[in-house]
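Topology and contacts: notes
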Amino acid sequence: MKVRELHRWDISREEALEIQRKLAKHLIFQPDFDIKDVKLVAGIDVAFLADKSIASIVVMSFPELEVVEKEIAVVKTNFPYIPGLLAFREAPPIIECAKRIKSEPDVLLIDGQGIAHPRRFGIACHIGILLDKPSIGCAKSWLLGERQGYPPLPPIPKEKGAIVPLSDGKDIVAVALRSAPGKPPIFISCGHKIDLETAIEIVRKTIKDGQRLPAPLLSAHNLATASKKGGQGTLFI
DNA sequence: GCGACAG
DNA sequence: ATCTTGTCGC
Ligand SMILES: [Mg+2]
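Summary of the structure given here. Source: prediction; values computed, not measured. (Residues numbered from 1 in each chain as written. Chains lettered and ligands numbered in written order. Predicted model: local features only at pLDDT ≥ 70, side-chain atom pairs only at ≥ 80, totals over all residues. Heavy atoms only, no water.)

**Section: the protein's contact with DNA strand C**
Taken together, the residues surrounding DNA strand C are Ala47, Phe48, Lys140, His221 and Lys228. At a separation of 3.3 Å, a phosphate oxygen of DNA strand C approaches a polar backbone atom of Phe48. Interatomic distance of 3.4 Å between a side-chain N/O atom of Lys140 and a phosphate oxygen of DNA strand C. Along the lines of polarity and charge, the residues of the surface near DNA strand C split into 2 nonpolar, 1 polar and 2 charged. (Near = heavy atom within 4 Å. Polar contact = N/O pair within 3.5 Å; in protein donor to acceptor, adjacent residues only side chain to side chain. Nonpolar A, V, L, I, M, F, W, Y, C, P; charged D, E, K, R; others polar.)

**Some thoughts on the coordination of the magnesium ion**
Six octahedral donors around a metal ideally sit at 90 or 180 degrees from one another, while four tetrahedral donors ideally sit at 109.5 degrees. Bound to the magnesium ion on the protein side are Asp45 (OD) and Asp111 (OD), at distances that span 2.1 to 2.2 Å. Separated by 66 residues along the polypeptide, Asp45 in strand S1 (residues 40-49) and Asp111 in strand S4 (residues 107-111) bring together distant segments of the chain. A residue is classified by how much of its surface remains accessible, and Asp45, at 4% relative accessible area, is buried. Relative accessible area serves as the criterion here: at 14%, Asp111 is assigned to the buried category. (Donors = N, O, S within 2.8 Å, 3.2 Å for Na, K, Ca; no water. Helix = DSSP H or I, 4+ residues; strand = E, 2+ residues; numbered from the N terminus. Buried < 20%, exposed > 50% of the residue type's maximum accessible area, 1.4 Å probe, protein only.)

**Describing the protein's contact with DNA strand B**
Contacts to DNA strand B come from 20 residues, most closely from Tyr81, Gly84, Asp111, Lys140 and Ser141. Restricting the count to atoms of DNA strand B within 4 Å of the protein gives a sugar and phosphate share of 51%. Taking Leu85, its main chain carries an N or O atom lying 3.2 Å from a base nitrogen of DNA strand B. Leu86 is positioned such that a nitrogen or oxygen atom in its backbone is 3.1 Å from a base nitrogen of DNA strand B. Of the residues assigned to the surface near DNA strand B, the class counts are 8 nonpolar, 7 polar and 5 charged.

**Remarks on the environment of Lys76**
Checked against the element boundaries, Lys76 lands in strand S3 (residues 67-76). Judged by relative accessible area, which is 49%, Lys76 ranks as partly exposed. In sequence terms Lys76 and Val203 are 127 residues apart; their C-alpha atoms lie 31 Å from each other. In contact with Lys76, not counting residues within four places along its chain, are Asp51 and Lys52. (Contact = heavy atoms within 4.5 Å.)

Here you go:
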């Protein structure tokens, strides 16, 4: 995959906020593709070991969900975890990993929020802009807490497949999906070049029975985690 | 100063 | 996210 170099990464917290507000204006929430033409879906996640970040990308065929390509990249961690600025910690290793992927995924599934974000620019939006591809934010928890006017999360029905729209002010920015019974819901939001309906459909069709996360994302997570095994300070590659 | 707060 | 063994349940 080709990566667009839109800004530096050795920046301050203030500069990071400016970058998010600037890039958010370029987001597109209208797919320029038909879901029938989606052939490849990629899952993207990052794991950490000491001062290293291990990014992982697993590309699967759609809708068969067979692994077509997988890759990892190890990079020194250069930014702390700050709620709302996750991309500045995880995007660098993801970019390096994306450069090593030879195939061209049609859609990206990213571990984290899309527009369900204080500045409507979560990591899924950021990665979508950088790679210029449709992207979906698929998070395991909610970011917009009960602070500046954000309402508490509504109850999510326990029935498998239940969906609850989640708003930020007047806009529906995500949905909570009970992807697996007896497990917490996942939160789906638009990243870039896609709409919520299409995002939901792709997420649903990539989740295997009994699993909470989409297969490409689960595999990417497992690959990243497995890549740092072999000892308490060893990278297994 | 304290609480909230993706991963 | 990470630090961590065994244990309960399907
Ligand atoms: Mg993650």
